[in-house]
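Examination of the molecular architecture
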Protein chains: 2
Amino acid sequence: MKIIDGGVCAAQGFTAGSIRSGIKDSRAQDDTAIIFSACECTAAAVYTMNRVKAAPIYVTMEHLENGVARAIVANAGNANACAPDGMENARRMAKAAAHVLGVDEDDIVVASTGVIGQRLPVECIEAHLSEIKLTENGSAQANLAIMTTDTRPKTAAVEFTVSGRTCRIGGICKGSGMIHPNMGTMLAFLTTDCAITHEMLTEALQDNVRKTYNRVTVDGDTSTNDMCVVLANGAAGNALIEWQDEDYQAFCKALNEVNTRLARQIAADGEGASKLVTCTVSNSRSEEVAERLAKAVVGSNLVKAAMFGADANWGRVLCAMGYSKAPFRPEYVTVAFTSAAGSVTVCEKGAALDFDEALAKKVLSESEVVIEVNVGEGECCATAWGCDLTYDYVKINGDYRT
Amino acid sequence: MKIIDGGVCAAQGFTAGSIRSGIKDSRAQDDTAIIFSACECTAAAVYTMNRVKAAPIYVTMEHLENGVARAIVANAGNANACAPDGMENARRMAKAAAHVLGVDEDDIVVASTGVIGQRLPVECIEAHLSEIKLTENGSAQANLAIMTTDTRPKTAAVEFTVSGRTCRIGGICKGSGMIHPNMGTMLAFLTTDCAITHEMLTEALQDNVRKTYNRVTVDGDTSTNDMCVVLANGAAGNALIEWQDEDYQAFCKALNEVNTRLARQIAADGEGASKLVTCTVSNSRSEEVAERLAKAVVGSNLVKAAMFGADANWGRVLCAMGYSKAPFRPEYVTVAFTSAAGSVTVCEKGAALDFDEALAKKVLSESEVVIEVNVGEGECCATAWGCDLTYDYVKINGDYRT
């Protein structure tokens, strides 16, 4: 497997582009993107678990019922959730894209992100979508167009081999606030030229989302618009993946690499974040327990605030594990803080260690910090990603709408 | 029922006081309190649900096994959780109090609050506890001595009638950060001179904590040290409450009044809070559903940040309800923001209303704000309390320990 450039256009046969329709009226930014495949794709998606779902989620669910798609159209600036004419406007958006691309309306994936509760000015999209230029190096442009409070685009792609043929899988995503595990996910769009059946693609995606995006938390708020879609057009010419064989494993490994890279980028770019906080839980009795513990630690406001202050307050790590409802024995737990600046073990077998406070401060002042928890019970492990809680998170969210 | 002064000394036969032992070394504040009953009390308590429990929780559990107690000793500045010699030091603290008060060690309730993971300097308490002066107007002093990041003491008391006799119930509590529903609770100490059996007292407390303290959230972090204890000494001379009769109902009503007042004070004094945020959910299919929805709303970081910014971002209210996992129909939901400055309905039947933004800003700028949610399905309701998320929360928790 090789890390490559190109995002959603890394795979053969995919183009992308964006336009400025004027939804984000005051900002001189593109706000609507299209990702397009030259030929029909097998498609799989996971969606937000929020009971309140945005209209584009329902429209996309309908369109992907047959497991086939050709393109994704996505806008930023308006979530089209709890909004007047929501379903109608999501359909009009799909229709506009279908018209421009010359494909069927039900081969279009529709996604929206932005403010909740205001009518999507779909007329803007209808008026300007035909101006779009789709190119083989359009991924970065599409990536910028789907950003809201994101401070940077998020992309990843890899090259891998299936039955002797080189395949590629790549993606872009957005997500900064209203982000919490146990969801479909933020907006993540993936493309691959690997030939794979709908069943296998769906299984691979569902399984992997659980271990990547669903282990990210920024603020504990699961969005109404989360969606992760993968389009597979088979252009690489590999033997079709139909079973859980070696080829399927190779595909899953590549998918995991791309999704992990995207998930980490989302955590690192959490609203107001000054650092990426990773929690690894090892030697757990099961992966589920390790996952729950790791998520509780990166999700704790108190841990997040301590990370902002570079304060080695490990009591908050144990406290968060304690209320996670996952079983473990406090008296077996060892905690260390690690970063590029070094590593400090702060607690061993559930009790305080004398540690070098100056070194701990240095370790926690880096832009990537790992909280290593060893629960001393078994052989399973899991990793979760989050960020620190800063003044800027409060600032960004104190007055987002107006 | 009548609201009265006196806190934990409002009930007959109770005295309280505090000393400065030096646990909080740099601060000229009392740090250890005692609440004492002149005669034996029936006692009931609820504790934190956190798997990591502080040593004083275990010692208090042991001491209350027989349902009887005489006094509470509590310190601030050190939680005695995950700390060296934890159990031994919690026992030494109880022993010191028993010695000073001339009662049995196992009639002492022990509680601690403060930083996790550092040894409790119990020698300080042992050296100074005999200096304590217990008086009938010592409640305020004891209240100040149990504060950590609290900015103000929290107290409530009422007078009520049981079988023709005047009874009193009062309490003090502390709690500002690491506060989240589904726990025993913060530290809350209640006293009553009402005669009531251990069984009835336990039932009344457990039932009421669920509807009061457990509906408060400040930051989603359930503490390792939470405890709510009630001591009933029977000094009022009422006929003993042994059954779920009228007298029991009168007691429960009084208990609920005191606990609700204390719970609201905790929410209003949440770390960094600038306002009390109450969410009422009405017309729900069940109280449990209403409770879960209300808690999700006041617990959402995004809602809390919007309240700080006085931003009528009701989409976040629906979003939080949506991920609460409680059943409701988004298309039936009406949301209004209410305060002393007026009321603004912002969403009706799940869709946006045109509302007066200037008035909404004024409503949300008050120090007490109510988010009124009507789910339009049934006849049940519930209320939860929280506070806004401010720069000061981040500041307080970015460097609490050092």
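Whatever comes next refers back to the structure up there.
Overview of the overall build of chain A
- Check the secondary structure of chain A and you find eleven helices and 15 strands.
- Whereas a compact globule of 402 residues would reach a radius of gyration of roughly 21 Å, chain A reaches 21 Å, a difference of no more than 12%.
- By its C-alpha atoms, chain A is 70 × 55 × 35 Å across when sized along the principal axes.
- Classification of the 402 residues of chain A by burial places 62% in the buried group.
- A sequence separation of at least 24 residues applies to 80% of the contacts in chain A between residues at least 6 apart.
- Carbon and sulfur atoms provide 47% of the accessible area of chain A, an area that totals close to 14,000 Å².

Examining the sheet that holds strand E10 (residues 276-284) of chain B
All names here are of chain B.
- On the basis of which strands lie adjacent, the open sheet formed by six strands has the order E13-E12-E11-E14-E10-E15 and mixed pairing. Only two strands of the sheet have a single partner each, and these edge strands are strand E13 (351-352) and strand E15 (380-387).
- Taken together, the five bridges between strand E11 (residues 334-339) and strand E12 (residues 342-348) define a ladder with antiparallel strand orientation. Residue pairing for E12: Ala336 is matched across the bridge by Thr345.
- Against the sheet, helix H7 (residues 287-299) makes contact with E10, strand E14 (368-374) and E15, and its axis sits at roughly 20° relative to E15, the strand it touches most.
- Against the sheet, helix H10 (residues 357-364) contacts E11, E12 and E14, and its axis sits at roughly 120° relative to E12.

Describing helix H2 (residues 86-101) of chain B
All names here are of chain B.
- With 16 residues, H2 should reach 22 Å at 1.5 Å per residue; the first-to-last C-alpha distance of 23 Å fits that figure.
- Taken together, the buried positions of H2 are occupied by Gly86, Asn89, Ala90, Met93, Ala94, Ala96, Ala97, Ala98 and Leu101.
- Where the residues of H2 are buried, they touch strand E3 (32-47), helix H1 (55-63), strand E4 (68-78), strand E5 (108-115) and helix H3 (122-128).
- Trailing H2 by a residue or two, Gly102 shows a phi angle of about 65°, which is positive.

Notes on the sheet that holds strand E11 (residues 334-339) of chain A
Residues and elements named next belong to chain A.
- Sheet architecture is open: six strands sit in the order E13-E12-E11-E14-E10-E15, paired in mixed fashion. Two strands bound the open sheet, and with one partner strand each, they are strand E13 (351-352) and strand E15 (380-387).
- Bridge count for strand E12 (residues 342-348) against E13 is two bridges, and the pairing is antiparallel. Bridging from a neighbouring strand, Cys347 pairs with Ala352 of E13.
- Contacts between helix H7 (residues 287-299) and the sheet are confined to strand E10 (276-284), strand E14 (368-374) and E15, with E15 contributing the most and set at about 20° to the helix.
- This element, helix H8 (residues 301-308), spans E10, E11, E14 and E15 of the sheet and lies at about 130° to E14.

Brief notes about the pairing of E14(A)
Residue and element names in this part refer to chain A.
- Across the two faces of E14 the burial differs, with Val369, Ile371 and Val373 buried and Glu368, Val370, Glu372 and Asn374 not buried at all.
- Pairing geometry for E10 and E14, over seven bridges, is parallel. Residue pairing for E14: Val277 is matched across the bridge by Val369.
- Sheet topology note: the E11/E14 ladder contains six bridges and is antiparallel. Bridge assignment links Ser339 to a residue of E14, and that residue is Val369.

Section: the relation of the copies chain A and chain B
- Placing chain A over chain B gives an RMSD of 0.0 Å and needs a rotation angle of 180°, together with 0.0 Å of translation along the axis. Interpreted geometrically, this transformation is the action of a two-fold axis. When each C-alpha of chain A is compared by its distance to the rotation axis, Tyr391(A) comes out closest, at 2.6 Å.

Quick notes on the interface of chain A and chain B
- On the side of chain B, 56 residues touch chain A, which itself brings 55 residues to the contact.
- Taking both sides of the interface into account, the surface hidden between chain A and chain B amounts to around 4,500 Å²; carbon and sulfur atoms contribute 57%.
- Joining chain A to chain B, the criterion identifies zero salt bridges.
- At the junction of chain A with chain B, the criterion picks out one residue pair in polar contact (both at pLDDT 80 or more).
- Listed by contribution, the elements that provide at least two residues to the side of chain A that touches chain B are H8, helix H9 (315-323), E13, helix H10 (357-364) and helix H11 (391-398) of chain A.
- Residue classes in the side of chain A that touches chain B are distributed as 25 nonpolar, 18 polar and twelve charged.

What to know about the pattern of salt bridges
Residue and element names in this part refer to chain A.
- As enumerated under the stated definition, the model contains 40 salt bridges over all chains in all.
- Between Arg329 and Glu377 there is a salt bridge; the shortest N-O distance is 3.7 Å. On the criterion of sequence distance, the pair formed by Arg329 in the loop between H9 and E11 and Glu377 in the loop between E14 and E15 is long-range, its members being 48 residues apart.
- Take Arg329: its relative accessible area is 40%, and that puts it in the partly exposed class.
- Taking the relative accessible area as the measure of exposure, Glu377 reaches 26% and is therefore partly exposed.
- Salt bridges linked by common partners bring Asp85, Glu88, Arg92, Arg119, Glu123 and Glu126 together as one network.

Details of unusual backbone geometry
All names here are of chain B.
- Phi angles above zero are rare outside glycine, and Lys325 is one such case at about 75°.
- In this structure, Lys325 sits in the loop between helix H9 (314-323) and E11.
- Positive phi, close to 50°, is recorded for Lys349, a residue that is not glycine.
- The topology assignment puts Lys349 in the loop between E12 and E13.

As for the packing of aromatic side chains
- Under the counting rule described, the total for this entry stands at five aromatic pairs over all chains.
- Among the aromatic residues, ring-to-ring pairing joins Phe308(A), Tyr391(A), Phe308(B) and Tyr391(B) into one connected group.

Each value, and the rule that gives it
Residues numbered from 1 in each chain as written. Chains lettered and ligands numbered in written order. Predicted model: local features only at pLDDT ≥ 70, side-chain atom pairs only at ≥ 80, totals over all residues. Heavy atoms only, no water. Helix = DSSP H or I, 4+ residues; strand = E, 2+ residues; numbered from the N terminus. Rg over C-alpha atoms; globule rule 2.2 N^0.38 Å. Buried < 20%, exposed > 50% of the residue type's maximum accessible area, 1.4 Å probe, protein only. Contact = heavy atoms within 4.5 Å. Areas by Shrake-Rupley, 256 points an atom, 1.4 Å probe, with all protein chains shown as cover. Pairing = 2+ DSSP bridges. Axes fitted to C-alpha atoms, helices over the stretch in contact; angles between N-to-C directions. Expected span 1.5 Å × (residues − 1). Least-squares fit on C-alpha atoms with pLDDT ≥ 70 in both. Buried area = accessible area lost by both parts, 1.4 Å probe. Salt bridge = Lys/Arg side-chain N within 4 Å of Asp/Glu carboxyl O. Polar contact = N/O pair within 3.5 Å; in protein donor to acceptor, adjacent residues only side chain to side chain. Nonpolar A, V, L, I, M, F, W, Y, C, P; charged D, E, K, R; others polar. Phe/Tyr/Trp six-rings, centres within 6.5 Å; stacked < 30°, edge-to-face > 60°.

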